[in-house]
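Each chain, written out:
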Amino acid sequence: MNGHGTPFVELDRADWATLAPTTLLPLKETEIVQLRGIGEPLDINEVTDVYLPLSRLLNLYAANARTLHRATSGFLGERARPTPFVIGVAGSVAVGKSTTARLLREMLARWDDTPRVELVTTDGFLFPNAELNRRGLMERKGFPESYDRRALLRFVSAVKSGAPEVRSPFYSHLSYDIVPDAQIVVRQPDILIVEGLNVLQPPGPGHGLAVSDLFDFTIYVDARTQDIARWYEERFLKLQRGAFANPNSFFHRYATLTEDEARGKARSIWTSINQPNLLQNIRPTRSRATLVLRKDPTHAVSKVLLRKV
């Protein structure tokens, strides 16, 4: 364990794994397989060593937030209802942040005091493709300016304020677009997880508040750029053999590419869109996270960095 000269305490995976020795794993191996992302070798050891202690830590943070809320309400002479504990999960395309978010949703919902856990991805707050085309942003999809950040801020603010029901747009990865008249409904969860590329962004020029200001705990999923690029390429190949074959897929035009052509297309998309977004916008927010999960070349978490309290 170390952390001299940084705002984080850094723990090797083995040390981190010892921090929740009495916590029982609430998931079966079959459930873990179902939560696994494309190309991710998530197994029961990873869940036990990394995510079990993390779910315990998040449970402690959520419980302490409720205690502080009660104390503050008492101080103010109010009887306000506890507000949801909001967790932000950030990281590059293909780094595994969606799997992390799904896994935490399932694990946190197994704790007795946080049974209602909702997960929302920021994909639903991308501008529709027609609007992106109108603004000339289709080739910058996933960059901060491609999102309706005001709508995302309003959504999380409403959930955080305890609104009985809050709706968000629905994004289809098949059509690669917002689905008209489809919505995700969030009803006063104990915990809300918000997952997305740029959720840790600070306020933009002229904006006093960013969605990251509303988070109670934030996680950044990290890896070396060359490893993420390789994972992206392998994932693209798996999708090309699977989902892209669907005639309704936005990427159906890539379904008939040879393996060499598909690898070339994946590298082109990575170097022109995903890598610049990672280097310019996503990775600079890593230092703002409460906790960083650092992955090795095998996609396994090797270190955990926790911000000093």
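These numbers were taken from a predicted model, which means no experiment stands behind them. (Residues numbered from 1 in each chain as written. Predicted model: local features only at pLDDT ≥ 70, side-chain atom pairs only at ≥ 80, totals over all residues. Heavy atoms only, no water.)

## So, the overall build of the protein chain
Inference 1: Counting its secondary structure elements, the protein chain contains 8 helices and 9 strands.
Inference 2: For the protein chain, whose C-alpha radius of gyration is 20 Å, the value lies close to the compact-globule estimate of 19 Å for 309 residues.
Inference 3: In terms of its C-alpha atoms, the protein chain occupies a principal-axis envelope of roughly 65 × 45 × 40 Å.
Inference 4: Counting only residues that meet the buried cut, the protein chain has 49% of its 309 residues in that class.
Inference 5: Sequence-distant contacts, at least 24 apart, represent 72% of the contacts inside the protein chain between residues at least 6 apart.
Inference 6: Here the protein chain has roughly 15,100 Å² of accessible surface; of this, 53% comes from carbon and sulfur atoms.
Inference 7: Here the protein chain contributes 40 positively and 34 negatively charged side chains, and the mean placements of these two sets differ by 3 Å. (Helix = DSSP H or I, 4+ residues; strand = E, 2+ residues; numbered from the N terminus. Rg over C-alpha atoms; globule rule 2.2 N^0.38 Å. Buried < 20%, exposed > 50% of the residue type's maximum accessible area, 1.4 Å probe, protein only. Contact = heavy atoms within 4.5 Å. Areas by Shrake-Rupley, 256 points an atom, 1.4 Å probe, with all protein chains shown as cover. Lys, Arg positive; Asp, Glu negative; His and termini not counted. Charge placed at Lys NZ, Arg CZ, Asp CG, Glu CD.)

## Focus: the nonpolar core
What tends to happen in soluble globular proteins is that the nonpolar side chains get buried as a cluster.
Inference 1: Counting residues in each nonpolar core, the largest one holds 84 residues, and the members touching the most others are Y51, I87, I193, I219 and L291.
Inference 2: Take this core: its biggest share by element is 8 residues, from helix α3 (residues 44–76).
Inference 3: Leaving out residues up to four positions away in the same chain, I219 has contacts with L54, L58, I87, G88, V89, A90, L104, A289, L291 and L293. (Core = buried A, V, L, I, M, F, W, Y, C linked by side-chain atoms within 4.5 Å.)

## Here's the deal with the sheet that holds strand β6 (residues 191–195)
Inference 1: An order of β1-β9-β8-β7-β2-β6-β3 is seen for the 7 strands of this open sheet, with the pairing classed as mixed. Unpaired on one side and paired on the other, β1 (8–12) and β3 (117–121) mark the two borders of the sheet. If you compare each strand with its neighbour and ignore which way they point, the axes differ by 20° on average. (Pairing = 2+ DSSP bridges. Axes fitted to C-alpha atoms, helices over the stretch in contact; angles between N-to-C directions.)

## With respect to the side chain of T218
Inference 1: Its place among the elements puts T218 in strand β7 (residues 217–222).
Inference 2: For T218, a relative accessible area of 7% puts it in the buried group.
Inference 3: Separated by 2.9 Å, the side chain of T218 and the backbone nitrogen of T290 make a polar contact.
Inference 4: Every residue in contact with T218, bar those within four places of it in the chain, is listed here: G88, L200, R288, A289, T290 and L291. (Polar contact = N/O pair within 3.5 Å; in protein donor to acceptor, adjacent residues only side chain to side chain.)

## Quick look at the UniProt feature "domain: Phosphoribulokinase/uridine kinase" (unreviewed entry) in the protein chain
Inference 1: Per the UniProt record, the feature "domain: Phosphoribulokinase/uridine kinase" (unreviewed entry) sits at residues 86–224.
Inference 2: This span, residues 86–224, is 22% helix and 28% strand, and a straight line between its end C-alpha atoms measures 27 Å. (UniProt positions renumbered as here; feature names shortened; annotations may be inferred.)

## Remarks on the packing of helix α7 (residues 225–241) against helix α8 (residues 259–282)
Inference 1: Packing of α7 against α8 leaves a shortest axis separation of 9 Å and a crossing angle of 135°. Taken as axis vectors, α7 and α8 run oblique relative to one another. When the axes of α7 and α8 are compared, the crossing they make is right-handed. Touching T225, I228, A229, Y232, E233, E234, F236, L237, Q240 and R241 of α7 are E259, A262, R263, K265, A266, R267, I269, W270, N274, Q275, L278 and L279, all from α8.
Inference 2: When its residues are assigned to classes, the contact of α7 with α8 shows 11 nonpolar, 4 polar and 7 charged. (Parallel < 35°, antiparallel > 145°, perpendicular 65-115°, else oblique. Left-handed = near helix turned anticlockwise from the far one by under 90°. Nonpolar A, V, L, I, M, F, W, Y, C, P; charged D, E, K, R; others polar.)

## Structural notes on the pattern of salt bridges
Inference 1: Enumeration over the complete set of coordinates arrives at 24 salt bridges.
Inference 2: Salt-bridge contacts for D222 lead to R286; the nearest nitrogen and oxygen are separated by 2.9 Å. One end of the pair, D222, is in strand β7; the other, R286, is in the loop between α8 and β8 (291–295), and 64 residues separate them in sequence.
Inference 3: For D222, a relative accessible area of 4% translates into the label buried.
Inference 4: Given the relative accessible area of 27%, R286 is considered partly exposed.
Inference 5: Linked through salt bridges whose partners overlap, the residues forming this network are E233, E234, E259, R263 and R267. (Salt bridge = Lys/Arg side-chain N within 4 Å of Asp/Glu carboxyl O.)

## Quick notes on the UniProt feature "binding site: ATP" (unreviewed entry) in the protein chain
Inference 1: As recorded in UniProt, the sites labelled "binding site: ATP" (unreviewed entry) are G91, S92, V93, A94, V95, G96, K97 and S98.
Inference 2: Checked against the element boundaries, S92 lands in the loop between β2 (85–91) and α4 (97–108).
Inference 3: With residues near it in sequence (within four places) discarded, S92 still touches K97, L197, V221, I228, W270, L278 and I282.
Inference 4: Among the secondary structure elements, V93 is positioned in the loop between β2 and α4.
Inference 5: Not counting residues up to four positions away in its chain, the partners in contact with V93 are L197, I228, Y232, R235, W270 and N274.

## A word on the environment of V199
Inference 1: Among the structural elements, V199 can be located in the loop between β6 and β7.
Inference 2: Using a relative accessible area of 1% as the deciding quantity, one classes V199 as buried.
Inference 3: Ignoring sequence-local partners within four residues, the contact set of V199 consists of G88, V89, A90, T122, V194, V211, S212 and F215.

## Focus: unusual backbone geometry
Inference 1: Its identity as a non-glycine residue notwithstanding, A94 has a phi of 75°, on the positive side.
Inference 2: Take A94: it is sitting in the loop between β2 and α4.
Inference 3: The residue D181 is not glycine, and still its phi comes out positive at about 65°.
Inference 4: Positionally, D181 belongs in strand β5 (residues 177–186).

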